[in-house]
Protein chains: 6
Amino acid sequence: METESSLLPKLDDLELFEFIRKNLYSAVISDVLDEFGFRCQAMGPEVRPLSKKFVLVGRAKTILWVDVFEVGTDPYASEIAAVDSIKPGEVAVNCTNQSTRNAPWGELMSTATKARGGLGAIVDGLVRDSLGIIKMGFPVFCTGLRPIDSKGRGMVVDCDVPVRVGGVKIQPGDIVFGDNDGVVVVPSECERDVLEQALEKVSRERSSLKELRAGKLLRQVYDKYGVL
Amino acid sequence: METESSLLPKLDDLELFEFIRKNLYSAVISDVLDEFGFRCQAMGPEVRPLSKKFVLVGRAKTILWVDVFEVGTDPYASEIAAVDSIKPGEVAVNCTNQSTRNAPWGELMSTATKARGGLGAIVDGLVRDSLGIIKMGFPVFCTGLRPIDSKGRGMVVDCDVPVRVGGVKIQPGDIVFGDNDGVVVVPSECERDVLEQALEKVSRERSSLKELRAGKLLRQVYDKYGVL
Amino acid sequence: METESSLLPKLDDLELFEFIRKNLYSAVISDVLDEFGFRCQAMGPEVRPLSKKFVLVGRAKTILWVDVFEVGTDPYASEIAAVDSIKPGEVAVNCTNQSTRNAPWGELMSTATKARGGLGAIVDGLVRDSLGIIKMGFPVFCTGLRPIDSKGRGMVVDCDVPVRVGGVKIQPGDIVFGDNDGVVVVPSECERDVLEQALEKVSRERSSLKELRAGKLLRQVYDKYGVL
Amino acid sequence: METESSLLPKLDDLELFEFIRKNLYSAVISDVLDEFGFRCQAMGPEVRPLSKKFVLVGRAKTILWVDVFEVGTDPYASEIAAVDSIKPGEVAVNCTNQSTRNAPWGELMSTATKARGGLGAIVDGLVRDSLGIIKMGFPVFCTGLRPIDSKGRGMVVDCDVPVRVGGVKIQPGDIVFGDNDGVVVVPSECERDVLEQALEKVSRERSSLKELRAGKLLRQVYDKYGVL
Amino acid sequence: METESSLLPKLDDLELFEFIRKNLYSAVISDVLDEFGFRCQAMGPEVRPLSKKFVLVGRAKTILWVDVFEVGTDPYASEIAAVDSIKPGEVAVNCTNQSTRNAPWGELMSTATKARGGLGAIVDGLVRDSLGIIKMGFPVFCTGLRPIDSKGRGMVVDCDVPVRVGGVKIQPGDIVFGDNDGVVVVPSECERDVLEQALEKVSRERSSLKELRAGKLLRQVYDKYGVL
Amino acid sequence: METESSLLPKLDDLELFEFIRKNLYSAVISDVLDEFGFRCQAMGPEVRPLSKKFVLVGRAKTILWVDVFEVGTDPYASEIAAVDSIKPGEVAVNCTNQSTRNAPWGELMSTATKARGGLGAIVDGLVRDSLGIIKMGFPVFCTGLRPIDSKGRGMVVDCDVPVRVGGVKIQPGDIVFGDNDGVVVVPSECERDVLEQALEKVSRERSSLKELRAGKLLRQVYDKYGVL
């Protein structure tokens, strides 16, 4: 499934993320992952961007939370450590096991993450300070909003371990890509091949759209380009 | 319940749909359906437009899907045939039985449908290519978004049969009307009478609003106009 | 937890609501309620504003609904009475026990409420006429939209009694505050102290944000300001 | 669809209920209701008998509940009145609109109902005193168990009105029939015809079973008896 | 609310648990907790005993779990330590935050707990080895069954901390009582008074039942005994 | 992971199924599948046996259903063909995509399946004629009961294709094993090795239990036998 002359230039991580942020979208990446046999890489429809315009690309910095029921001593210690350890090009991928009790992510966490070079955040749970985050233009994806703090409700128990978010297993370092259709996870073992193929598929989709607009039947266009 | 001099001009289907798209809204149609004894014609709140501004009117072209678990030979054959058979004035009404596994509808399907004269799509399931569809201005209603394709996940098993979408039984040819409040289904047996009455009710609602704004009590206004 | 010189001016209710609408947000009020030991005052993520821009403040006028299954005589009598009894500064807080069968609130109810001096509405259920309500700029919070009327589906059984909405117990007269993050309920017994503290916390949050933007670690900033 | 010589003897209500309790079952009644065009008469799978052995037959005495959030004065007044007004041959059909907050039915209510000649109870909600009720042999169907009382949590708002329980609309006086497969509701307008047909279908089912056990193919047996 | 001559003998914990296991039931304890103002002490209907006959009494030994997504080194270490530290008269109260991914409790854990003098287990999640546990007569309450192990799926993160199970906040050392109607939690601060009152209420309930069976109206009996 | 001298005798399929039905249980098979890296083979807790005593073993005969909304001509044709084609040693594994609209399986289907040599049925949906099926001793697993027929509600669309039931992907011919803890699916590629290991693990579990009963700590017993 390799292409001869690559559509994907040689780039470092930060340049790569910017390149694919501008040139790809989640649906085409998902299709190529399917072709490579990775058929469970798209998060469920409950994980939504705070803004329709958000596009998120980066490497997963995984953070595992647990619901707790008392305010401990230094209750934020582990989440502060997690955020302070984020590296440029990373996305905070927070697994709360679908908690709806509190909002572990907000504007302060977003601001701190951005200051470290982080590129966004995903939470399989709730978020607060939504308007502030939107105003920052910092792409946060979550399952809902609630104004309530994590103190005494949720606690970080581990970092940099495999997690499951939106139904997808994520290894630390996997590329995550999110836009208004949702989030896909690209396993690191095939990331370059997948991105290559996706760039190639984008052009076939554009041609299909053009001919459909011109009135061709879907049958004809699909037979010609093989994309749907 | 007929009115003497009709508010509804004699129009062909396409003109009629344009007329009611501009002059009616889902809530007033739902109220009149209630009065005619059709009390289960409003889809549930899970069926949402991709854009607040979308207004959808047309005759239901019903399409029935089933979840599948392998990629068959020519896996898109039946859905391509369904879309290619859409006629002017029709809306693709897709019943997936609330599947959240894949997004059977997207920009290519929307473009192909529009090219056939189709006026929109409803899915009791997921959609992808949301921003592209919004940009087209093609009214699509669905229960969520996910970037993942139907290939090997969903398959069209039948067309032009009764379906249930959003909790409402729909016969092929029923008029469907959707706006930001949701979708109502007008059975063909009473469509003209319902639309007539709805036009008449709109004016009573406008009068009620005006008097309420002027400070009248709801009791007074309701007693006068009989609408709430 | 009292502050010496108050940040909160002496104001009557309507002025107070306008002041806090401009100077506070739900997350900071929730944090202060936590500090006061009121840890269950934030409604769940299912209660959403019709518009991202809506900010809602007022005293709860509670209204209790029950699902019914026939159209009674004068079916709207009790809801009309409820709305007509709303007083300036009040917010209609409708408890339907999470009904999704109908939309008990719409543009006529909003218009009537506004005419009485009401400042908004919360429904733990569905709403209709959403675009009209947004256009009015009348802050309505609900769990979804559906174009279907309450007649023969829902009925007001009581007013001015304790209710539970979005998982929070609300007494008539409690201050409710809603914005894009959700809704918090401030018990009347501690309202002045909570609002004072919240104003004070806002300034600490602003300082934290500024230093985080300047590149300080979250650990440093949290140790200095004690907010997260 | 009438049969010439009736399988159903002329009986008064109490004798009739005892006769059909012994000779029919919910599945065969549901099939015949389907044939008569009443296709939404079987409650959903969430309504379960407290004991596998329970068979329930009687006329619906409908009771409508609402969730409340304070202990009123004489909080049980309306439910006591409802139970005390039950007549011989009736089944208490309690609509709580799927409340899971409390258990409005228990051993005292069952005992009082039985003392009035009541034949059972259905609740689209929770029940308590389950072992006592099972020991009484009083057929109660519900959606779950919880030891918590209705006082200050649920209140009867009306009796002898149409309700919806387990997804089925029930008119006062409809015959309800429940066994381990669930509950069906027989509208009074067709009850005699439905019961007749059901008795007739029972014998065809027995013949089908006998031939299947003897090794005939399902195709052969279905072609012969027309039942599945 | 104290009674003069106590119905509750002076007993040590193990004798007390055996006494109330034989003389009380969850519904009556729940009613008395209501009277004492503790109105949120009954777990939700999802927490069920493995056998109808199970009655569970003991002090809560709380155990907090988190879902994990890899098999760590010595993955069972913390749960083994938790079980080995159970003391006579304790009940293992496992909070998994409603996980349905695995069954953290089974026959080996039950056997080990029993060997330490533990009196039962509650899990707000799944259990396996159900028939073995039933055969042991060891009262286990849970939300479902699944044959799948916790290794690499769930991990104990803490013990002897407040947890929430079945919607009820539980402090280590609270008395938990479970039977076929569900589980109630008696806060230690009022346990003796609650148990006293419950014993007293049992006798009033028996008298009510007797008079109802004799044909008295519910109104009469309630007015006399004040219990429902 | 092979053992030298096999605990599993050489047997034909029917003898094998009887052997493992008597000697294994779902939990131990699930544990061994975990060790082989097949970690998603246990169905979810919603799939339950009709009787606690049911043990089910056989090869999957997969049947795929779709919800439909009208009674077609010969509406049962495909399901009759499916059942009539069942071969000795097979279990009917019905994928309805979690439909709760009707009960596609009942006593007639069970009787016909048994007559063909079928060994049981699994449905990710509802069943009827529960008491008759229990009396037959024919192991049926399902997600609930409802007395309502599939005619015009559900239709078989395919057989002998991969399906997903209870969250597990099943290939035709996979061994399915179900008991009161739930159902596990053994992929055919590793079935002999898995069953071997499971038999070996059973004896280690028995030894663990014995030593725990004798009072050893879980830590000691786990260190010695390595099972939990």
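Residues numbered from 1 in each chain as written. Chains lettered and ligands numbered in written order. Predicted model: local features only at pLDDT ≥ 70, side-chain atom pairs only at ≥ 80, totals over all residues. Heavy atoms only, no water.

Novice: What should I look at first to understand the overall build of chain A in this one?
Specialist: If you tally the helices and strands in chain A, you get 7 helices and 12 strands. In terms of C-alpha radius of gyration, chain A reaches 19 Å, essentially the compact-globule figure of 17 Å for 228 residues. Taken along the three principal axes of its C-alpha coordinates, chain A extends 65 × 35 × 30 Å. Relative to its full complement of 228 residues, chain A shows a buried share of 63%. Partitioning the contacts of chain A with sequence separation of at least 6, the portion at a separation of at least 24 is 76%. Entry remark: accessible area of chain A is about 8,200 Å², with carbon and sulfur atoms responsible for 52%. Here chain A holds 29 positive side-chain charges and 33 negative ones, and the gap between their average locations is 6 Å. (Helix = DSSP H or I, 4+ residues; strand = E, 2+ residues; numbered from the N terminus. Rg over C-alpha atoms; globule rule 2.2 N^0.38 Å. Buried < 20%, exposed > 50% of the residue type's maximum accessible area, 1.4 Å probe, protein only. Contact = heavy atoms within 4.5 Å. Areas by Shrake-Rupley, 256 points an atom, 1.4 Å probe, with all protein chains shown as cover. Lys, Arg positive; Asp, Glu negative; His and termini not counted. Charge placed at Lys NZ, Arg CZ, Asp CG, Glu CD.)

Novice: I'm lost on helix α1 (residues 13-23) of chain F in this one. Help?
Specialist: Since there are 3.6 residues in each turn of an α-helix, residues three or four apart along the chain are aligned in direction. Residue and element names in this part refer to chain F. Those residues of α1 lying buried are L16, F17 and I20. The arc that holds the buried residues of α1, viewed along the axis, is 100 degrees, so those residues lie on one side. Residues of α1 that are buried sit in contact with β2 (56-67), β11 (175-179) and α6 (191-213). N-cap assignment for α1: the residue whose side-chain oxygen lies 3.1 Å from the backbone N of L14 is D12. (Arc of directions from axis to C-beta. Polar contact = N/O pair within 3.5 Å; in protein donor to acceptor, adjacent residues only side chain to side chain.)

Novice: Hey, could you run me through the relation of the copies chain A and chain B in this one?
Specialist: Both copies of the chain are placed relative to one another by a rotation about an axis and a shift along it. Here chain A sits on chain B after a turn of 120 degrees about the axis and a move of 0.0 Å along it, with an RMSD of 0.0 Å. Here the two chains are linked by the operation of a three-fold rotation axis. (Least-squares fit on C-alpha atoms with pLDDT ≥ 70 in both.)

Novice: Before we go on, may I ask you to explain the interface of chain A and chain B in this structure?
Specialist: Interfaces are frequently sized by the accessible area removed from exposure as the parts join. On the side of chain B, 32 residues touch chain A, which itself brings 30 residues to the contact. Carbon and sulfur atoms supply 58% of the area buried between chain A and chain B, which totals about 2,700 Å² over both sides. On inspection of chain A and its partner chain B, the count reaches 3 salt bridges. Listing elements by their share of the side of chain A that touches chain B, those giving two or more residues are α2 (26-35), β12 (182-186), α6 (191-213) and α7 (218-225) of chain A. Residues belonging to the side of chain A that touches chain B are distributed by class as follows: 13 nonpolar, 7 polar and 10 charged. (Buried area = accessible area lost by both parts, 1.4 Å probe. Salt bridge = Lys/Arg side-chain N within 4 Å of Asp/Glu carboxyl O. Nonpolar A, V, L, I, M, F, W, Y, C, P; charged D, E, K, R; others polar.)

Novice: Is there a simple way to explain the side chain of D:D181 in this structure?
Specialist: Take D:D181: it is sitting in the loop between β11 (175-179) and β12 (182-186). Summary of buried charges: D:D181 has no salt-bridge partner, and the nearest side chain of opposite charge, D:R48, is 6.4 Å away. Engagement of the side chain of D:D181 in a polar contact is seen with the side chain of F:S130, the distance being 2.6 Å.

Novice: It is not clear to me how unusual backbone geometry should be interpreted in this structure. Could you clarify?
Specialist: Leave glycine aside and you will find that most residues have negative phi; peptide bonds, for their part, are mostly trans. In this structure, A:D74 takes a positive phi of about 45 degrees despite not being glycine. As for its placement among the helices and strands, A:D74 is situated in the loop between β2 (56-67) and α3 (77-84). Phi angles above zero are rare outside glycine, and B:D160 is one such case at about 60 degrees. In this fold, B:D160 is placed in the loop between β8 (154-159) and β9 (163-165).

Novice: Sorry, what's going on with a positive patch on the surface here?
Specialist: On the surface, A:K52, A:K53, B:K52, B:K53, C:K52 and C:K53 cluster together into a patch of positive charge. As for its placement among the helices and strands, C:K53 is situated in the loop between β1 (48-49) and β2 (56-67). C:K53 sits in the exposed class, given a relative accessible area of 76%. (Patch = residues over 30% accessible without salt bridge, like charges linked within 9 Å, V, L, I, M, F, W, Y side chains within 5 Å.)

Novice: Whenever I open this one, the environment of F:L33 confuses me. Can you help?
Specialist: Within the element layout of this structure, F:L33 appears in helix α2 (residues 26-35). Excluding its chain neighbours within four sequence positions, the residues that come into contact with F:L33 are F:F38, F:Q41, F:V184, F:V185, F:V186, F:P187, F:C190 and F:V194.

Novice: Could you clarify how one ought to interpret the interface of chain A and chain C in this entry?
Specialist: In this assembly, 32 residues from chain A lie in contact with 30 residues from chain C. Carbon and sulfur atoms supply 58% of the area that chain A and chain C bury against each other, a total of about 2,700 Å² over both sides. By the criterion of area lost to chain C, the three top residues of chain A are A:I80, A:L108 and A:P147, representing 25% of everything that side buries. The tally of links between chain A and chain C comes to 3 salt bridges. Between A:R153 and C:D34 there is a salt bridge, with its nearest N and O atoms 2.7 Å apart. Between chain A and chain C we count 17 residue pairs in polar contact (both at pLDDT 80 or more) in total. Secondary-structure elements contributing two or more residues to the side of chain A that touches chain C are α3, α4 (107-115) and α5 (130-136) of chain A.

Novice: Can you walk me through the packing of helix α3 (residues 77-84) of chain E against helix α7 (residues 218-225) of chain F in this structure?
Specialist: If you want to describe how two helices pack, look at the angle between their axes and the distance between the axes. Closest axis-to-axis distance for the α3(E)/α7(F) pair is 9 Å, and the angle between their directions is 140 degrees. As far as their axial angle goes, α7(F) and α3(E) are oblique. Of α7(F), the residues touching α3(E) (which contributes E:A77, E:I80, E:V83 and E:D84) are F:L218, F:R219 and F:Y222. (Axes fitted to C-alpha atoms, helices over the stretch in contact; angles between N-to-C directions. Parallel < 35°, antiparallel > 145°, perpendicular 65-115°, else oblique.)

Novice: Whenever I open this one, the environment of A:G152 confuses me. Can you help?
Specialist: For A:G152, the location among the structural elements is in the loop between β7 (144-145) and β8 (154-159). Judged by its relative accessible area of 4%, A:G152 falls in the buried class. Counting along the chain gives 80 residues from A:G152 to A:G72, while the straight-line C-alpha distance between them is 6.7 Å. Not counting chain neighbours up to four residues away, the residues in contact with A:G152 comprise A:V68, A:F69, A:E70, A:V71, A:R101 and C:R39.

Novice: How do you make sense of helix α4 (residues 107-115) of chain C when you look at a structure like this?
Specialist: Residue and element names in this part refer to chain C. In terms of burial, α4 is a largely internal element, 7 of the 9 residues being buried. What α4 keeps buried is the set E107, L108, M109, S110, T111, A112 and T113. G117 occupies a position one or two residues after α4 and carries a positive phi of about 100 degrees.

Novice: It is not clear to me how the arrangement of the chains should be interpreted in this structure. Could you clarify?
Specialist: Chain E makes no contact with chain C, the minimum C-alpha separation between the two being 12 Å. One thing to see here is that chain C and chain F don't touch, and their nearest C-alpha atoms sit 19 Å from each other.

Novice: Honestly, the pairing of strand β12 (residues 182-186) of chain B in this entry has me stumped. Any pointers?
Specialist: Two faces make up the sheet, and in a regular strand the side chains alternate between them. Residue and element names in this part refer to chain B. Taking burial as the measure, the 5 residues of β12 include 5 buried ones, the bulk of the element. Of the two faces of β12, the one carrying G182, V184 and V186 and the one carrying V183 and V185 are both buried. Pairing analysis gives 5 bridges linking strand β11 (residues 175-179) to β12, with the strands arranged antiparallel. Bridge pairing links V176 to V185 in β12. Hairpin connection between β11 and β12: a loop of 2 residues separates the two successive antiparallel strands. (Pairing = 2+ DSSP bridges.)

Novice: How should I be thinking about the pattern of salt bridges in this particular structure?
Specialist: When the charged atoms of two side chains with opposite charge come close together, those side chains can pair. Residue and element names in this part refer to chain A. One pass over the full model with this rule turns up 108 salt bridges over all chains. For the salt bridge of K201 with D31, the shortest nitrogen-to-oxygen distance reads 2.6 Å. Taken together, the positions of K201 in helix α6 and D31 in helix α2 put the pair 170 residues apart, joining distant regions of the chain. On the basis of relative accessibility, which here comes to 5%, the residue K201 falls in the buried class. Of the charged contacts, one joins R128 and D149 as a salt bridge, the two residues approaching to 3.6 Å between their closest N and O atoms. Placement of the pair is R128 in the loop between β5 (126-127) and α5 and D149 in the loop between β7 and β8, with a sequence separation of 21 residues. Classification of D149 as buried rests on a relative accessible area of 5%.

Novice: So what exactly am I meant to see when it comes to the packing of aromatic side chains here?
Specialist: The description of two aromatic rings rests on the distance between their centres and on the angle between their planes. Evaluated as defined, the whole model comprises 6 aromatic pairs over all chains. Ring centres 5.1 Å apart and planes at 90 degrees place the aromatic pair D:Y222 and F:Y76 in the edge-to-face group. One end of the pair, D:Y222, is in helix α7 (residues 218-225); the other, F:Y76, is in the loop between β2 and α3 (77-84), on a second chain. (Phe/Tyr/Trp six-rings, centres within 6.5 Å; stacked < 30°, edge-to-face > 60°.)

Novice: When you look at the side chain of F:K61 in this model, what are you seeing that I'm missing?
Specialist: Position of F:K61 among the secondary structure elements: in strand β2. Non-local contacts of F:K61, meaning those with residues more than four positions away in its chain, are made with F:A82, F:S85, F:I86, F:E90, F:V91, F:A92, F:V93, F:C159 and F:D160.

Novice: Is there a simple way to think about the packing of α6(A) against helix α4 (residues 107-115) of chain B in this case?
Specialist: In the contact formed by α6(A) and α4(B), the axes pass within 8 Å of each other and the chain directions differ by 15 degrees. The pairing of α6(A) with α4(B) is recorded here as roughly parallel in orientation. The interaxial crossing formed by α6(A) with α4(B) has left-handed handedness. In this structure, α6(A) contributes A:E205, A:S208, A:L209, A:L212 and A:R213 to the contact, and α4(B) contributes B:E107, B:L108, B:T111, B:A112 and B:A115. For the contact of α6(A) with α4(B), the class distribution of residues is 5 nonpolar, 2 polar and 3 charged. (Left-handed = near helix turned anticlockwise from the far one by under 90°.)

Novice: Help me understand the pairing of strand β11 (residues 175-179) of chain E in this model?
Specialist: All names here are of chain E. Among the 5 residues in β11, 5 count as buried, and that is most of the element. Side-chain alternation along β11 places I175, F177 and D179 on one buried face and V176 and G178 on a second face that is also buried. Note that strand β2 (residues 56-67) and β11 share 4 bridges and pair antiparallel. Across the sheet, the residue bridging to V57 is F177, located in β11.

Novice: Before we go on, may I ask you to explain the confidence of the model for chain A in this structure?
Specialist: Segments scoring low in pLDDT should not have their predicted coordinates read at a detailed level. When the pLDDT values of chain A are averaged, the result is 95; 98% of them are 70 or greater. Listed scores for the predicted complex are pTM 0.96 and ipTM 0.95. (pLDDT = per-residue confidence, 0-100.)

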